[in-house]
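# Survey of secondary and tertiary structure
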Amino acid sequence: MKLRLITLVCAMTGGAAFAAETGPKDVQFDDYGAIEQSLTGVAGDAANGALIVGEKSKGNCVACHELTALADIPFHGEVGPMLDGAGDRWSEAELRGLVANAKMTFEGTVMPAFYKDDGYIRPGDAYTGKAPSAPLTSILTAQEIEDVVAFLATLKEQ
Amino acid sequence: MNNKALAAVTAVLAFPALVAAGPDDDNLVINDELDMISVTEAPAHTENLDTIYSGWHFRTDETQALQIDDFDNPAMIFVDQAADLFETVDGAAEKSCASCHDGVESFEGLQASMPKVDAESGKLVVMEDLINKCRTDRMEADALKWSGADMQGLVALIGLQSRGIPMNVAIDGAAAPFWEQGKEMYYTRYGQLELSCANCHEENWGNMIRADHLSQGMINGFPTYRLKQAKLISRHNRFRGCIRDTRAETFAEGSDEFRALELYVASRGNGLSVETPAVRQ
């Protein structure tokens, strides 16, 4: 009963708000792993993107990357490269591809795919360690990907 | 420059940083007298590492200090309690461990060869299995809960009898299929984050991941006392936590999957001294 209700609510909001959205299964990557088209058609919000990059339960990008723009957040990791200047190194389309599924750019990379909802081995219900009780959703929503891309595009050296 | 080339450059650049941030070069000596092998050449079957390090080398000086003196080691409270439990009569057969085992010292060397294949059943067994077999079959008492204080206290007490002895688990013969199963798990990218044990503990040891300094994920010090949780942590509980953190459905403590993984992970540390009970953050 409870589950059905949630599904219903998801279906309703999904239908209404995200009509123009490209779903995780429909994303078109080019040969180099970039995504030309915005996933939502709505411009990304860089300020919200910055929050997602730092937030443990969202992108948690700082777990693996250091970046000066978020120096006020303690403990940046060093598994991935420093993100300072990412907006110089990569075009918006390339950044979108990297955040959605970096494996399309860097084959076999350690970096997780944030816009993908199937093809996993023993996926769990977030960080509970339990099997999911509802269909999987991507770690970030389409608009959250756009927000992160907008933030990364602001990371310029000069 | 295409993306592949860029990736190659990134990888090369990342390497010196890894060395710089790596393990410290302190020597691990317990109680000023027991020299431990905490760094050594990797065994041939640990293909992608040249040198293996105890997790001790990746911890802060404060945490390290707690492990080098038994008076400071908070795990010893649980070991002492287990020593009492060893002498305590329990179960319908009205026996204690000590009724049959001539002192816990008689288990010297056992931990260094665990997990092992039980000749009778052909199953891979870990220390918790050996203890619970005696509890249920020989004492006619209840099995102890896998990660409970009583069980992990006994595992630590028995492990301590091998402290300083180099790990040397068998991976051939009857153990081979279990070892292969564990190895396959080690390289499987579980969960929604698609991360394998190797992604963190083989490719990125020495690096920081958020606030944690990644070690090689060795189990020669288990059960470890974790300051954060203020108790002894079992090997399987640690595996469960690491898999859970990849947004995956974990395996159960005491599952055959974790027994196999334990054998494989133990074998990666062959040559490191048993450090039970180690102290972690």
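About the thresholds
- Residues numbered from 1 in each chain as written.
- Chains lettered and ligands numbered in written order.
- Predicted model: local features only at pLDDT ≥ 70, side-chain atom pairs only at ≥ 80, totals over all residues.
- Heavy atoms only, no water.
- Helix = DSSP H or I, 4+ residues; strand = E, 2+ residues; numbered from the N terminus.
- Buried < 20%, exposed > 50% of the residue type's maximum accessible area, 1.4 Å probe, protein only.
- Contact = heavy atoms within 4.5 Å.
- Areas by Shrake-Rupley, 256 points an atom, 1.4 Å probe, with all protein chains shown as cover.
- Axes fitted to C-alpha atoms, helices over the stretch in contact; angles between N-to-C directions.
- Parallel < 35°, antiparallel > 145°, perpendicular 65-115°, else oblique.
- Nonpolar A, V, L, I, M, F, W, Y, C, P; charged D, E, K, R; others polar.
- Patch = residues over 30% accessible without salt bridge, like charges linked within 9 Å, V, L, I, M, F, W, Y side chains within 5 Å.
- Salt bridge = Lys/Arg side-chain N within 4 Å of Asp/Glu carboxyl O.
- Lys, Arg positive; Asp, Glu negative; His and termini not counted.
- Charge placed at Lys NZ, Arg CZ, Asp CG, Glu CD.
- Polar contact = N/O pair within 3.5 Å; in protein donor to acceptor, adjacent residues only side chain to side chain.
- pLDDT = per-residue confidence, 0-100.
- Arc of directions from axis to C-beta.

### Topic: the overall build of chain A
A tally of regular secondary structure across chain A gives 5 helices and 0 strands. Counting all 158 residues of chain A, 41% fall into the buried class. Contacts spanning at least 24 positions in sequence make up 56% of the contacts within chain A whose residues lie at least 6 apart. Carbon and sulfur atoms provide 59% of the accessible area of chain A, an area that totals close to 8700 Å².

### Section: the packing of helix 9 (residues 235-244) of chain B against helix 10 (residues 256-268) of chain B
Describing two packed helices takes the angle between their axes plus the distance from one axis to the other. Residue and element names in this part refer to chain B. Where helix 9 contacts helix 10, the axes come no closer than 10 Å and their chain directions differ by 100°. By the angle between their directions, the pair helix 9 and helix 10 is classed as roughly perpendicular. Judged by residue contacts, Arg235, His236, Phe239, Arg240 and Ile243 of helix 9 engage Phe258, Arg259, Leu261, Glu262 and Val265 from helix 10. Grouping the constituent residues of the contact of helix 9 with helix 10 by class yields 5 nonpolar, 1 polar and 4 charged.

### A word on a negative patch on the surface
On the surface, Asp25, Asp26, Asp61 and Glu62 of chain B cluster together into a negatively charged patch. Relative to the helices and strands, Asp25 of chain B is located in the loop between helix 1 (3-20) and strand 1 (29-30).

### Brief notes about the side chain of Ser162 of chain B
Take Ser162 of chain B: it is sitting in the loop between helix 6 (149-160) and helix 7 (176-186). Of the polar contacts made by the side chain of Ser162 of chain B, one reaches the backbone nitrogen of Gly109 of chain B; its length is 2.9 Å.

### Some points on the confidence of the model for chain A
On average, residues of chain A carry a pLDDT of 90, and 87% of them reach 70 or more. Taken as a whole, residues 1-17 of chain A scores under 50 in pLDDT and shows 3 contacts with residues more than four places along the chain or in a different chain.

### Some thoughts on the environment of Gly159 of chain B
All names here are of chain B. Checked against the element boundaries, Gly159 lands in helix 6. Using a relative accessible area of 0% as the deciding quantity, one classes Gly159 as buried. Placed 55 residues apart in sequence, Gly159 and Val104 show a C-alpha to C-alpha distance of 9.9 Å. Discounting chain neighbours no more than four positions away, the residues touching Gly159 are Gln111, Val274 and Thr276.

### Brief notes about helix 7 of chain B
All names here are of chain B. Every buried residue of helix 7 is listed here: Trp179, Gly182, Lys183, Met185 and Tyr186. In a view along the axis of helix 7, the buried residues occupy a sector of 160°, so they form one face of it. With respect to the buried face of helix 7, the exposed residues turned more than 90 degrees away are Pro177 and Glu184. Buried residues along helix 7 sit against helix 8 (197-201) and helix 10.

### Examining unusual backbone geometry
All names here are of chain B. The omega torsion across Met114 and Pro115 is -5°, close enough to zero to call that bond cis. Relative to the helices and strands, Pro115 is located in the loop between helix 4 (97-100) and strand 5 (116-117). Look at the link from Thr276 to Pro277: it is a cis peptide, with omega at -5°. Along the chain, Pro277 falls in the loop between helix 10 and strand 11 (279-280). Phi angles above zero are rare outside glycine, and Arg210 is one such case at about 50°. Arg210 gets classed as buried once you look at its relative accessible area, which sits at 15%.

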